[in-house]
Amino acid sequence: MMLTAAEADAVRLSLSIALRSVLFSLPLAILVAWLLTRRRLHGRLLLDAFVHLPLVLPPVVVGYLLLLLFGMRGPIGGWLYAHFGIQLVFTSAGAALATAVMSFPLMVRAIRISLEGVDSGLEDAARTLGAGAWDRFFTVMLPLMLPGILAGAVTAFSAGLGEFGAVITFVSNIPGETRTLPLALYTALQTPGGDAVAARLATISFTLGLLGLIAAEYIARRVRRMLGR
Amino acid sequence: MMLTAAEADAVRLSLSIALRSVLFSLPLAILVAWLLTRRRLHGRLLLDAFVHLPLVLPPVVVGYLLLLLFGMRGPIGGWLYAHFGIQLVFTSAGAALATAVMSFPLMVRAIRISLEGVDSGLEDAARTLGAGAWDRFFTVMLPLMLPGILAGAVTAFSAGLGEFGAVITFVSNIPGETRTLPLALYTALQTPGGDAVAARLATISFTLGLLGLIAAEYIARRVRRMLGR
Amino acid sequence: MFSIRAKKRRDGFVLDVEIEVSSPGVVALFGRSGCGKTTLANIIAGLLPADEAHIVIDGVALEQNGKSLQAEHRRIGYVFQDARLFPHLDVMGNLRYGEKRANRFVPALQGAPVTPRRELPRITLDVVAPLLGLEPLLSRRVHQLSGGERQRVALGRALLSGPRVLILDEPLASLDAARREEVLPYLEKLRDELAIPMIYVSHQFEEVLRLATHVVLMDKGKVLSQGSLDELSLHPELRAIVGPDAVGAVIHGVVESLDGGTGLANIRVGTNELRIGLRDAKAGAHVRTQLLARDIILATSRPDNLSVRNIMTGTIARIVPDDEDTELVYVDIGGASILSRVTRAASIALGLRAGLQVWALVKSVSIRGHAFVEGPLLKSSLPRA
Amino acid sequence: MFSIRAKKRRDGFVLDVEIEVSSPGVVALFGRSGCGKTTLANIIAGLLPADEAHIVIDGVALEQNGKSLQAEHRRIGYVFQDARLFPHLDVMGNLRYGEKRANRFVPALQGAPVTPRRELPRITLDVVAPLLGLEPLLSRRVHQLSGGERQRVALGRALLSGPRVLILDEPLASLDAARREEVLPYLEKLRDELAIPMIYVSHQFEEVLRLATHVVLMDKGKVLSQGSLDELSLHPELRAIVGPDAVGAVIHGVVESLDGGTGLANIRVGTNELRIGLRDAKAGAHVRTQLLARDIILATSRPDNLSVRNIMTGTIARIVPDDEDTELVYVDIGGASILSRVTRAASIALGLRAGLQVWALVKSVSIRGHAFVEGPLLKSSLPRA
Amino acid sequence: AEAQREPLLVFAAASLTDVLQQAGPLYTKQSNVEVKFSFAASSALAKQIESGARADAFLSADQDWMNYLQERKLIKADTRADLLGNRLVLIAPKDSKITLKLQKGAPLIEALGPNGRLSTGDPDSVPVGKYAKTALGNLDLWAAIESRLVRADNVRVALMYVARGEAPLGIVYATDAAAEPQVRVVDLFPESSHAPITYPMAATTSASAETASFLKFLRGDQARAIFTKAGFTILRGAGTAAGSAPACSGFQFDVSKELKVFESKPREVAATTAANSAAAIDVNQLYSVKLTDQSKVSFATTPGKSTVADGSYAGLLKITSPRTQTIRVTATEHAWLDVVSGGKLVESARHTGSANCKVLRKVVEFKIAPDQPVMIQVSGSTEQQIKLAVTTI
Ligand SMILES: Nc1ncnc2c1ncn2[C@@H]1O[C@H](COP(=O)(O)OP(=O)(O)OP(=O)(O)O)[C@@H](O)[C@H]1O
Ligand SMILES: Nc1ncnc2c1ncn2[C@@H]1O[C@H](COP(=O)(O)OP(=O)(O)OP(=O)(O)O)[C@@H](O)[C@H]1O
Ligand code: MOO
Ligand SMILES: [Mg+2]
Ligand SMILES: [Mg+2]
């Protein structure tokens, strides 16, 4: 199947935005997951709730909120623009941000589960060997969480490929800039007789997701073997 | 904060739809997660990809696909209607279906991670004690997966509260029947000056999600204590 | 009774064993750390697929001709090296888990001749709980147990599951001596009265001595030697596994008479008589005991005025060096062989040499006799004597 | 040296111990399964918060006045009852994990007097790997190790981490005798040459005998008794932990002379002399040994023509019943006490009673002497003799 | 009193949310029939009806999706009528200083500033965007502005971008602009610059009997007040009852002459494909014009509506000697009309139309130089056969 220029654009954009969103949110998600598993942290529940916000709110609303915060007139967006010349709204960077925000809870959840699955005895062992909290985190927890992190990243990447509402609301649907596959798909569906194009795009979406899964599966298998499971 | 009748309706609908979707998809998700962790299953990757479809496709597209399949003129929907008088499209049952489909991959992922975290030595122990595959599954795997299942269910429930694109596309936006909180929110946003109402609805959404999370956290803590972690 | 052949290749390690034991009883797997004991146990239990296996236990085929019974249908009570208790159940729940499945239906291996199943005795919680000292633990959560407590619960759970065979992978390693002393008699009972065949993995000769009817000595995945404990007790490789202090001949005897007052029994061993502490034996009962080489004192003339009650006459069969400064002296005491370790200095001083008549002394308290009930189980495994 | 006080309440179990040991060396925690040894070890390591604790080891305060040093700053090499190897690293990776952090900076407990840190000797992989037989395992993955192999790797990892103290929780329980024999000398070396203090949890008296300079006998969360092994070796509770065969007086002696040819050393014990196999000792060295009660033969007249090389004269101090049919006889051999177990029958036959002169016989091969190097570590823990 | 009857289910374009939510309860009050609305994108609603949704009526935001349903015979064609009209406006944030007259060569790009973007619906799919594209095209502004567009998901979002100041300018409907206090209308687009903005409504084939009465209510005074207040124009056809005579009302100027001409019998004529051979027609006479494939037609001047979907029809006609300076060209079908006089495209003076008027779809007025031959270019027609008349004032 040859892609038209517009389709190729959308594919390229989707991949790059999903990837950027994952790369951006992964370290943060790991950190947050870690914070959330520390029993004694104050305001843990609040942080938890905040992280889950994008999950419980409709994507469009998240898009609106992002616009309020990260728009050029928003408190954060304005500051970013004034100081760094960074513009998020109507750009692919903004699309990556919206995607990251939407998939953040999924990522945190996945990582958290795997974090909880790590035998605390091993952390104890590392402590007695002299590993401080950060050291332990990087040398014991992180490697053992790898399957969970991977799962979280794949979930986020896949979800990122399909992200729609928050993206279209925050950065609109600009060909070559923010028109990702789902937005192109939506555009096609809005046109009477656009079904054939939509089907094509859906197939592409699906194929990409599938490829991502296969890759993830392959990596996960290697990781699992490495961890001796 | 007093709710108007329409808001109360939306809250009730959202809760019931999210709950029904979780209850409906949970057993299936556990089954699928289990199948997916069995290394030797043929067509595992295909099943995996299929499960992830709703994640990689934009919700609106999923809604259209559901409409094509489960609409009264669709192959499955038509059959269901002809034989059982079951109508999914434009009903809250359909909304639950759409919600379930959308959150299914999240649920499966969460359950799968926790499934992989269960010590296979314990399964071996159960085998030598005479427990067959199903017996083991229900008496050893399932209880040990409980935290993951719970996490998956909460994720799904929360995501269900925020589900929009697939629902509005599949079952439309009918007050009292399918107008859940996010749809009501959307409707409010379409109305000039509807921002205040939208904000109210967003707050309700968020509060509900938060309550669910707190409940889940509480249960999870008890489960973890029960499992001696 | 046990007919086990198994091959399994793992990276850097090859297991290739063949164990044939015609009589029922307890097969001890003995060998150095890493020699493949757990691997073999897992294959027998059906938890690890072998490259090639033939496993028939108690007339029931578990694996043969490429066909293999599922682990859950093998009725093998397995006490793992790590206890593997279910963390979501309390102690009672763990015990009940086995008990509930004790009466399960178990299919036969396809194509195997269906042997009428020996009726297995039911072991109940009432028996197991006090025996293993589990009563105070019953409502405990698994993570609140100490290492030894865990192992006891695991043993109880396996016993309750109605096993046809028990596999015990170093079950007593984390128990203290007193607890071990309490559990061992029950394992003996299982063997003698309930006639549950066992495969027993251990490093402790003491345990093997009390339980085993057949010993398999393994090394690097191979069977080095197998046979009765008597034969194996003279095997040189044993020293490396059990340590020099546990070397000593295992001998059999028959109780001639008992002195209820002193608790000493007169045991006929070959042409000699031994007096050892043995309260529960009956006259005529078979007794097995190990005379540790370190405990045997040799004299070239009959000694008197000693607290030593056991003086056997015999002839030195041969003398072999043990370590740098000691020698092992094989003494034929008429119908049985015993081993004595002496320092080379003493050997020279006494002029020990093959053919010399000697008196072998051993304190009664140094000898632990273990009565064997004459059940169907052990008859065939008893020695010619 | 060790100053440990800890209280901890868990459901159904209360730990309340106080251990004071002024001299460096090896403190053995001894006690029945479930008595709280692991709990105490975890508190000392800083892994389990105590309700109340005061822990000073080697002059370094780890916990006091409600202030507590983090586990990672305590420099405690802990070998866990379960090995706890890192599954994502191979054996080499596990060993290196400790080694890499051996030179880490470690803060002092706030408010504690800063004692100049004794320079700890570096233990390197070159030493540890061959010693523990780890070379063939280095590139193995953790899940490919047998139970014993895991334990050896864990021990190596702890040794490499530059510990100030070692806590060993039954580290040898899953090793075979030969491997144990190989590891024990190294633990002795650690104690004597590297002067690494240890807290050693074990059920094996043999291990305790060889390593411990101070023994803490625990029961149900309390310290039953503590002191030198000599004192403790006569404690009745010991029997339940180590079993009747391991009961026996621990005595100290000084090497008088050595016979290079026979490998036997003459040891002065009180007014008597013992000849025991001891190759590596020098004249004048201190030797500790246990004379097992089961090994001691009593005679009422001097015996001859025996392979027994050790005949001590002494007087019966007292006789106490041991079990139903045996008695423990305390014999004063001039400057030391030894224990002999005799059957009641023999006791009656020989007319044993307090005040009677007796000859105590023990085979040289029955005695395992353990030379103590006269390092700074042990001087103060050595007995008056 | 009457028992509560089955509620009506009305599927309506999201942009009608506000007005219909006001109108609904009024109808319920008067008829004791509850009306439920499902608001979503017209496309989704159309497809839902296709999938068997039991909606009684459909109110679309554009003709396309109504046509979609009509082709599939899912609406009662005789109930279809254009209910409302709207205007396209250029808006700016309330505090913006921008002033601009929307005409050819207007400094729209300049008004956006160096980085600013123009916010409107996605021209590829969202109706407001499609109208904006046509209008900008007609004003020769499209090419320059295309890359500076913010293409919103729907008109409300486009409006919000401007209201929030994220975009300095936007193109939305007059109704939306009126409802949002944070924006200010910079200028209205000339009506001639785009096809009329109309909201058709129809009863579905599965509609309950009650539906007709509701549709009638929407065309009544009570509803009209709500619509007018919101800024909608009421199309003429909306005044007459559904199903009766053609709803030819709501025009913005007097078209009685045209209506009359359209009642006469048409003459047949075939439009030609080249300017030099254009078929001559008379004024004040109704013609039935046969068009040809647009791709085969070589226009004298590029038609004002620059991009035209494939498969549409076109053709050329000419009037030899008009005596007046003002002519009106009227056509039945939804076609684009250009008048070329003296080799130049003549800009339309004003136009009016009513999609629900079966007879007159579009009346466009042109000022021409007298006694010059006038060329009429028909393009972008969805039908091959259209009715057309040129009238003189
Ligand atoms: N999963 C595995 N993959 C590869 N090799 C393994 C695996 N598990 C164990 N081995 C190796 O197989 C050999 C036998 O291991 P096994 O666990 O059977 O020893 P064992 O006799 O039970 O030892 P121990 O007394 O220490 O428990 C060892 O050399 C071990 O390293
Ligand atoms: N997490 C816990 N919560 C409550 N009680 C516990 C917990 N862990 C252990 N215990 C109890 O505390 C007591 C001491 O346990 P500990 O593990 O310290 O024993 P131990 O002396 O190390 O025994 P072993 O020799 O069997 O390893 C035991 O009775 C045990 O049941
Ligand atoms: O009301 Mo619209 O259909 O978003 O232009
Ligand atoms: Mg093993
Ligand atoms: Mg312990």
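Keep in mind it's a predicted model, so treat the numbers as computed, not measured.

So, on to the interface of chain B and chain E. With 22 residues of chain B at the interface, the matching set in chain E holds 26 residues. Both faces considered, chain B and chain E share a buried interface measuring about 2000 Å² in area, 52% of it formed by carbon and sulfur atoms. For the interface between chain B and chain E, the tally reads 0 salt bridges. The tally of links between chain B and chain E comes to 10 residue pairs in polar contact (both at pLDDT 80 or more). Elements with a minimum of two residues in the side of chain B that touches chain E: α3 (59-70), α8 (165-171) and α9 (181-189) of chain B. Top element by residues in the side of chain B that touches chain E is α8(B). It accounts for 4 residues. Of the residues assigned to the side of chain B that touches chain E, the class counts are 12 nonpolar, 8 polar and 2 charged.

Here the focus is the site of ligand 3. Residue and element names in this part refer to chain E. Close contacts around ligand 3 come from S15, A61, V126, P127, V128, N154, V155 and Y173, and that covers them all. Between ligand 3 and V128 there is a distance of 3.3 Å, counted from an oxygen atom to a backbone nitrogen or oxygen. Y173 places a side-chain nitrogen or oxygen 3.1 Å from an oxygen atom of ligand 3.

Ranking by contact count across 6 pairs of chains in contact places chains C and D at the top. Separating chain A from chain C is a minimum C-alpha gap of 12 Å, and the two share no contact. The two units chain C and chain E are non-contacting; their minimal C-alpha-C-alpha distance is 49 Å.

This part is about the domain arrangement of chain C. Residues and elements named next belong to chain C. Examined at the domain level, chain C breaks down into domain 1 (2-242) and domain 2 (248-367). When each unit is reduced to the centre of its C-alpha atoms, the spacing between domain 1 and domain 2 is 33 Å. Between domain 1 and domain 2, a total of about 850 Å² is buried, with carbon and sulfur atoms accounting for 48% of that surface. For the interface between domain 1 and domain 2, the tally reads 0 salt bridges.

In this section: the relation of the copies chain D and chain C. When chain D is brought onto chain C, the operation consists of a screw motion whose angular component is 180 degrees and whose axial shift is 0.0 Å, with 0.1 Å RMSD remaining. Here the two chains are linked by the operation of a two-fold rotation axis. Among all residues of chain D, the minimum C-alpha distance to the rotation axis is found for A173(D), at 3.0 Å. The fraction of interface residues of chain D whose copies in chain C are also interface residues reaches 100%, indicating that both copies meet through the same surface.

What counts, and at which threshold
- Residues numbered from 1 in each chain as written.
- Chains lettered and ligands numbered in written order.
- Predicted model: local features only at pLDDT ≥ 70, side-chain atom pairs only at ≥ 80, totals over all residues.
- Heavy atoms only, no water.
- Contact = heavy atoms within 4.5 Å.
- Buried area = accessible area lost by both parts, 1.4 Å probe.
- Salt bridge = Lys/Arg side-chain N within 4 Å of Asp/Glu carboxyl O.
- Polar contact = N/O pair within 3.5 Å; in protein donor to acceptor, adjacent residues only side chain to side chain.
- Helix = DSSP H or I, 4+ residues; strand = E, 2+ residues; numbered from the N terminus.
- Nonpolar A, V, L, I, M, F, W, Y, C, P; charged D, E, K, R; others polar.
- Near = heavy atom within 4 Å.
- Domains from an automatic or database assignment.
- Least-squares fit on C-alpha atoms with pLDDT ≥ 70 in both.

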